[in-house]
Amino acid sequence: MPSEALVEIRDVNFAYGHRPILKGMNLTFPKNKVIAIMGGSGCGKTTLLRLIGGSIKPTSGYVKIGGQVIHELDHAGLYAMRRKMGMLFQFGALFTDMSVYDNVAFQMREHTSLPEEIIHDLVMMKLHAVGLRGTHNLMPAELSGGMARRVALARTVALDPMLIMYDEPFAGLDPISLTVVGNLIKRLNDALGATSIVVTHDVQESLKIVDYLYFVAEGVIIAEGTPDEIRASDKPFVQQFVNGEMDGPVPFHYPGGDYQQDLKLKHTERVKFNKRKVTVRHFGPDRRQKK
Amino acid sequence: MTTAITKYLVGIGRTVMNALWRIGIGTRFLSLILLNSGISFSRFHLTVRELFFSGVMSLIIILVAGMFVGMVLGLQGYETLKRYGSESALGSLVALSLVRELGPVLAALLFASRAGSAMTAEIGLMKVTEQISAMEMMAINPIARVVAPRFWAGVFAVPLLAAMFSVMGVFGGYLVGVVLIGVDEGSFWSQMQSNVDFQHDVLNGVFKSCVFGAVVTVIALFEGYDAPPTAEGVSGATTRTVVESSLAILILDFILTALML
């Protein structure tokens, strides 16, 4: 990726308490590109977005945005940086006590002193860009999931951010909405000249719209490349993920104890035998509880 | 045996530490609200909007409750005063009971049940649906934009609601005492006028209401903001709001009354 980097993540480690989530991560997000971070549930994708947004601090390493280390910024500096960012949350996170219009106008009213007529025009343009100009009087509860996501997208780009983050933008969408949202992400990024980071596990849709992909598993980057490189990759993890196979390096089962023990199919017992205590191991269902 | 006692003592210690910890965090939360209160006054329409939802929308329950409490006071007061031949003091009894104690306390309890629980649920659900996180990511401080206007709305609303409660209570006492039972109207009002002191009775009641308003609202907002982002978490927080607010009102009422006498 030859373009100049907008976001750099270097040697980042992060843990929730004693549970490590990210282990020595290195990622680069160049300007004017759409980059996907992919991986199974709980692999640390959303944690990466939270680190970039400055909601959490890395245990070690740093996240740089536009040359500034994000966790070294003070409160005012962080808020100034966030004004240049937009984030689309998984379920939109629209303000439920405001209409669609007010949701999109929210940041404009909070951060600018634009007159209401100009805000009106800008809101209509943003809603038109996502194809929902006609919904401006509706409340979020009156929208479908896909429409709410598009309104949230209009709100995310309300102030033309330089960095747009998407947290699972395709989750729970029907095929048409999914394609619409995917195209919007690409089109808006090109129109705004922004950088987009898409956290998702929808491989097929991502491969259509992104310029570069990172695969994350167990807190480390295990594969990266352009969509063509990913499609051609023979790495077992990538193959399993891209083709949605059950068997492969990504385990289906969360680590747990002995299955037979959990089903109480065998158990041990201390009993007296010839005036001594000995351990007896039983096979078959444990019937002691029925007594 | 020793282990059981140790476990019991550890349990008590943990409960006390947890309670102290929460009081500490709650106090820090209150100081954050006060530090970020500028927007609540510079953009006063935000506070007025919350005043409408927590104050105006609570008006019906306050007025109805006040009326019936006053009517009960009228009945009970008349029955007691009649034994001493002091029926004419009914107006004073009703007014003093309401202005000093029942107005501030019952209005605050009703406010905690109706508006406080709603505030907790609203803020808790905003957390669940990531609206609070979205606001933070938009570089908008949710304490200043969402919490502080609600806090000041509560501080303003409770004294006003307590006043309305007392007015309706006096009206209820009048209906029962004068209209229904036949106590002399002139003595009802004149006794009330001569025995209710503005500073000692009315202002003390207003001060109590302001304290109750601040405490109930900060408990409601803190519980909502601190609620785990799950359905169970929000429901638990709403329950805690009502329980903690009610206890806080009654305990503070005793302390304030003792200090003001």
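This structure is a prediction, so every number in the text was calculated from the model and none was measured.

About the thresholds
- Residues numbered from 1 in each chain as written.
- Chains lettered and ligands numbered in written order.
- Predicted model: local features only at pLDDT ≥ 70, side-chain atom pairs only at ≥ 80, totals over all residues.
- Contact = placed C-beta atoms within 7 Å.
- Nonpolar A, V, L, I, M, F, W, Y, C, P; charged D, E, K, R; others polar.
- Pairing = 2+ DSSP bridges.
- Helix = DSSP H or I, 4+ residues; strand = E, 2+ residues; numbered from the N terminus.
- Axes fitted to C-alpha atoms, helices over the stretch in contact; angles between N-to-C directions.
- Buried ≥ 20, exposed ≤ 12 C-beta atoms within 10 Å, placed from the backbone.

Caption draft 1: Highlighting the interface of chain B and chain A. Listed by partner, the interface residues are nine residues for chain B and twelve residues for chain A. Here the side of chain B that touches chain A is built from residues that sort into five nonpolar, three polar and one charged.

Caption draft 2: Spatial organisation of the sheet that holds strand 9 (residues 212-217) of chain A. All names here are of chain A. Spatial ordering of the open sheet is given by 6-7-8-3-9-10, a layout of six strands whose pairing is mixed. Here the strands that pair on one side only, and so sit at the sheet edges, are strand 6 (85-88) and strand 10 (220-225). For this sheet, the mean angle separating the axes of adjacent strands, direction not counted, is 15°. Two elements, strand 6 and strand 7 (residues 163-167), share four bridges in a ladder whose sense is parallel. Note that in strand 7 the partner of Met 85 across the bridge is Leu 163.

Caption draft 3: Up close: unusual backbone geometry. All names here are of chain A. The backbone of Asp 160 shows a phi angle near 50°, a positive value even though the residue is not glycine. Residue position: Asp 160 is located in the loop between helix 5 (145-156) and strand 7. On the neighbour-count criterion, Asp 160 (15 C-beta atoms within 10 Å) is partly exposed. The backbone phi angle of Glu 218 is positive, close to 50°, even though this residue is not glycine. Here Glu 218 lies in the loop between strand 9 and strand 10. Among the residues examined, Glu 218 registers 16 C-beta atoms within 10 Å and is labelled partly exposed.

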